[in-house]
Amino acid sequence: MNAISPRPQLWILRHGETEWSKSGQYTGLTDLPLTVEGEQQAVEARKVLEGIDFDLVLTSPLRRARRTAELAGFPDAVHEPLAVEWNYGDYEGISSDLIRKDNPDYLIWTDGVPNGETLDEVAARADKIIGRVLESGMDNVLVVAHGHFSRILTARWLEMDAKEGRHFLLGTAKVCTLGWDKRTPAIIRWGL
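Residues numbered from 1 in each chain as written. Predicted model: local features only at pLDDT ≥ 70, side-chain atom pairs only at ≥ 80, totals over all residues. Heavy atoms only, no water.

As recorded in an unreviewed UniProt entry, the chain goes by Histidine phosphatase family protein and comes from Paenarthrobacter ureafaciens.

**Student:** It is not clear to me how the nonpolar core should be interpreted in this structure. Could you clarify?
**Tutor:** Here is a general trend for soluble globular proteins: nonpolar side chains tend to be buried in one another's company. Counting 35 residues, the largest nonpolar core has Leu 10, Trp 86, Ile 108, Phe 149, Ile 152, Leu 153 and Trp 157 as the members making the most contacts within it. Among the elements of the structure, strand S1 (9-14), strand S2 (56-59), helix H5 (108-111), helix H6 (119-136), strand S4 (140-145), helix H7 (147-157) and strand S5 (175-181) are those that each provide at least two residues to this core. Beyond its immediate chain neighbours, meaning those up to four positions away, Leu 153 contacts Leu 10, Ile 12, Ala 126, Ile 129 and Ile 130. Ranked by size, the runner-up nonpolar core spans 14 residues in total, among them Leu 13, Phe 54, Val 57 and Val 175. (Core = buried A, V, L, I, M, F, W, Y, C linked by side-chain atoms within 4.5 Å. Buried < 20%, exposed > 50% of the residue type's maximum accessible area, 1.4 Å probe, protein only. Helix = DSSP H or I, 4+ residues; strand = E, 2+ residues; numbered from the N terminus. Contact = heavy atoms within 4.5 Å.)

**Student:** How do you make sense of the sheet that holds S5 when you look at a structure like this?
**Tutor:** Pairing between sheet strands relies on hydrogen bonds along the backbone, with the strands arranged either parallel or antiparallel. Strand order in the open sheet formed by six strands is S3-S2-S4-S1-S5-S6, with mixed pairing between adjacent strands. At either margin of the open sheet sits one strand with a lone partner, and together these are strand S3 (78-79) and strand S6 (184-189). Of the strand pairs in this sheet, S1 and S4 are connected by six bridges, and their pairing is parallel. Looking at S4, one finds that Trp 11 is bridged to Leu 142. (Pairing = 2+ DSSP bridges.)

**Student:** What exactly am I supposed to notice about the pairing of S6 here?
**Tutor:** A regular strand places its side chains so that they alternate between the two faces of the sheet. With five bridges connecting them, S5 and S6 associate as antiparallel partners. If you follow Thr 177 over to S6, its bridge partner there is Arg 189. Once S5 ends, the chain turns through two residues before running back antiparallel as S6, passing Lys 182 with a positive phi of about 60°.

**Student:** Just to check I follow, could you spell out the UniProt feature "binding site: substrate" (unreviewed entry) in the chain for this structure?
**Tutor:** Within this numbering scheme, the UniProt entry marks Thr 27, Gly 28 and Arg 64 as carrying the feature "binding site: substrate" (unreviewed entry). These annotated residues cover 38 residues of sequence, and their C-alpha atoms all fall within 11.2 Å of one another, placing them together at a single site. Mapping Gly 28 onto the fold places it in the loop between helix H1 (19-23) and helix H2 (36-49). Classification of Gly 28 by relative accessible area gives buried; the value is 0%. With sequence-adjacent residues up to four places away left out, Gly 28 is seen in contact with Leu 62, Arg 64, Glu 85, Trp 86, Tyr 88 and Glu 92. With respect to the helices and strands, the residue Arg 64 is situated in helix H3 (residues 63-71). Residue Arg 64 is classed as buried on the basis of its relative accessible area, which comes to 0%. With sequence-adjacent residues up to four places away left out, Arg 64 is seen in contact with His 15, Thr 18, Thr 27, Gly 28, Thr 30, Asp 31, Leu 32, Leu 34, Glu 85 and His 146. Reaching out from Arg 64, the side chain makes a polar contact with the side chain of His 15 at a distance of 3.3 Å. (UniProt positions renumbered as here; feature names shortened; annotations may be inferred. Polar contact = N/O pair within 3.5 Å; in protein donor to acceptor, adjacent residues only side chain to side chain.)

**Student:** Explain the environment of Thr 35 here, please?
**Tutor:** By secondary structure assignment, the location of Thr 35 is in the loop between H1 and H2. For Thr 35, a relative accessible area of 9% translates into the label buried. Thr 35 sits 105 residues away from Asn 140 along the chain, and the two C-alpha atoms are 29 Å apart. Excluding its chain neighbours within four sequence positions, the residues that come into contact with Thr 35 are Glu 17, Thr 18 and Glu 19. Separated by 2.9 Å, the side chain of Thr 35 and the backbone nitrogen of Gly 38 make a polar contact.

Structure representation (structure tokens):
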């Protein structure tokens, strides 16, 4: 009889607060630092992650994620370019409230962003990370990333269309665990 292959858990840590996450501005590839509050949030996230034996810790190369990883106890996290935030194109630095002044029905999940990445392109990056985790044979992998990207990563882990990420609100420096209900991809913990 063959041994059952391990089913890894994918842990997600969203970066701590920045000035733009605080104000609601889309922050894609603009490389902002954490606020003082964001640094404290990252330190608090460390308490949630203590005692977990991670086989691999990946971080977006953007400094808000790298600093969050460092303060959460993972200074040697591997930079993973696929884990950067959605490239918001012309909407970089703009809040959805401002966009809705001209387009009251605007929703990023269905309308996208002009001159940036499509939702499908972001989902393809998330799928590559998921594939790496599933094929790794590892038990626990942590990804330190960004709000929209983490929500898309979650939807894709659950084998949903990327736009369903709209249902998974995730605060700054919050921890989530994706795993399994027997053989079905599932959310184990959300927003700790």
